[in-house]
Amino acid sequence: MRAFVMIRQYYYDSKELEQRIERLENEMQIKFKDIYEALNFLLNPPNPERNPIGFRLDDDPFLAK
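Residues numbered from 1 in each chain as written. Predicted model: local features only at pLDDT ≥ 70, side-chain atom pairs only at ≥ 80, totals over all residues. Heavy atoms only, no water.

Asker: How should I be thinking about the overall build of the protein in this particular structure?
Answerer: Counting its secondary structure elements, the protein contains two helices and zero strands. Residues counted as buried form 3% of the 65 residues belonging to the protein. (Helix = DSSP H or I, 4+ residues; strand = E, 2+ residues; numbered from the N terminus. Buried < 20%, exposed > 50% of the residue type's maximum accessible area, 1.4 Å probe, protein only.)

Below, the structure is given as C-alpha cells:
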C-alpha cells in the first residue's frame, strides 16, 4: 500500500512523468481503436450485392414461351 502511495506522490510531483503517461495513454487509445475497427471488419465483413450464377429459364429463348 505504501508503494502505491509513493508512486502516486511521485506521479503528482513529476510533470515529465505525467506528460509521458498522458502521451502513452493517447497512443494506446489510437492503437486500440484501430485494432477494434480491424476486428469489427473481420467479424462483420461487408457483403456486396452479387449477381446469381447459373442457368435461368427466362434467359433461354427456346424454353421461354
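Asker: Would you explain a nonpolar patch on the surface in this entry?
Answerer: Judged by side-chain polarity, F32, I35, L39, F41, L42 and L43 come together as a nonpolar surface patch covering roughly 700 Å² of accessible area. With respect to the helices and strands, the residue F32 is situated in helix α2 (residues 15-43). We classify F32 as exposed; its relative accessible area is 55%. (Patch = residues over 30% accessible without salt bridge, like charges linked within 9 Å, V, L, I, M, F, W, Y side chains within 5 Å. Areas by Shrake-Rupley, 256 points an atom, 1.4 Å probe, with all protein chains shown as cover. Salt bridge = Lys/Arg side-chain N within 4 Å of Asp/Glu carboxyl O.)

Asker: What's the story with helix α1 (residues 2-13) in this structure? I'm lost.
Answerer: Each full turn of the α-helix corresponds to 3.6 residues, which orients residues three or four apart in the same direction. With 12 residues, α1 ought to run about 16 Å at 1.5 Å a step, and its terminal C-alpha atoms sit 16 Å apart, in line with that. A small share of α1 lies buried, amounting to zero of its 12 residues. (Expected span 1.5 Å × (residues − 1).)

Asker: Hey, could you run me through the pattern of salt bridges in this one?
Answerer: Oppositely charged side chains are able to pair whenever their charged atoms sit close together. According to the stated counting rule, one finds three salt bridges in the structure shown. The residue K15 makes a salt bridge to E18 at a minimum N-O spacing of 3.5 Å. One end of the pair, K15, and the other, E18, are both in helix α2, three residues apart, so they sit about a helical turn from each other.

Asker: Explain the packing of α1 against α2 to me, please; I cannot follow it from the model alone.
Answerer: Geometry of a packed helix pair, given as the angle between the helix axes and the separation of the axes. Axis separation between α1 and α2 bottoms out at 5 Å; the angle between their running directions is 95°. As far as their axial angle goes, α2 and α1 are roughly perpendicular. Note on element contacts: α2 touches α1 through K15, L17, E18 and I21, opposite Y10, Y11 and D13. (Axes fitted to C-alpha atoms, helices over the stretch in contact; angles between N-to-C directions. Parallel < 35°, antiparallel > 145°, perpendicular 65-115°, else oblique. Contact = heavy atoms within 4.5 Å.)

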